[in-house]
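A look at the structure
Residue-level listing of the chains:
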Amino acid sequence: MNGQERDRSCLEGMRTGDTRALEELYERHNGLLYSVVLRILREAQGTEQVLRESWLQIWRGPGGYNVARGNVGAWLLTVARNRAIAWLKSDGLPQRAEPAAGGDVPAPTEDASANAAHRQMSERVRRALDVLGPQHRQVLELAYFGGLTQGEIADRLNTSPGTIKSWSRQALVRIGDLVPHEDWT
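Presented here is a report on the structure given in the accompanying data block. Keep in mind that what you see is a predicted model, and the values were worked out from it rather than measured.

**Some remarks on the packing of helix α6 (residues 134-145) against helix α8 (residues 161-178)**
At their nearest, the axes of α6 and α8 sit 9 Å apart, and the two run at 95° to each other. By the angle class used here, α6 and α8 are roughly perpendicular. Together, Gln135, His136, Val139, Leu140 and Tyr144 of α6 and Ile164, Trp167, Ser168, Gln170, Ala171, Leu172 and Ile175 of α8 make up the contact between the two elements. A class-by-class count of the residues in the contact of α6 with α8 yields eight nonpolar, four polar and no charged.

Next up, the structure:
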């Protein structure tokens, strides 16, 4: 079973309340989520809070994943990124999730080898970003780490929203070529 299939299997397990499935998904992806959220927030305490809220949302709503919109890792990153941006827009006040029926999200355990793999993947993504042309890199950084919409990026760069959309798509395709999906496990 490849990484994507394992991730989908974990989501299926989570739908039935399997905490081991959450733990496996956490071990496989938390390092990467942490680095993205930390890059957005630039402070550890908020990053930890945003990640707790993200994993709670993921635990409660594995049905929010849509296979047609990408792989599980991309969905997890989107959940964490959106929470980080909401945190920034609320001036650092956490968007509190309501307590889960039957208690809070189980606390997954840390796995040093998974964290090392995520650090290695983060480094590969950073190197891939370095390969992009300046406008492509800037658009991705403003969108993913700055939390700006394509319209806001167009205003900031004084260009059309269509151009920003095109640059975004080109950059994401190039990143996908440089870091294949099989490596996102």
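**Details of unusual backbone geometry**
Although it is not a glycine, Arg42 sits at a positive phi angle of roughly 60°. With respect to the helices and strands, Arg42 occurs in the loop between α2 (19-41) and α3 (44-60). At Asn158, a residue that is not glycine, the phi angle is positive and equals roughly 55°.

**Considerations on the pattern of salt bridges**
Within the structure shown, the criterion is met by seven salt bridges. The shortest N-O distance in the salt bridge between Arg6 and Glu24 comes to 3.7 Å. Within this pair, whereas Arg6 is found in helix α1 (residues 3-15), its partner Glu24 is found in helix α2, the two being separated by 18 residues in sequence. Under the relative-accessibility criterion, Arg6 is labelled partly exposed at 32%. Assessed through its relative accessible area of 31%, Glu24 is described here as partly exposed.

Parameters and conventions
Residues numbered from 1 in each chain as written. Predicted model: local features only at pLDDT ≥ 70, side-chain atom pairs only at ≥ 80, totals over all residues. Heavy atoms only, no water. Axes fitted to C-alpha atoms, helices over the stretch in contact; angles between N-to-C directions. Helix = DSSP H or I, 4+ residues; strand = E, 2+ residues; numbered from the N terminus. Parallel < 35°, antiparallel > 145°, perpendicular 65-115°, else oblique. Contact = heavy atoms within 4.5 Å. Nonpolar A, V, L, I, M, F, W, Y, C, P; charged D, E, K, R; others polar. Salt bridge = Lys/Arg side-chain N within 4 Å of Asp/Glu carboxyl O. Buried < 20%, exposed > 50% of the residue type's maximum accessible area, 1.4 Å probe, protein only.

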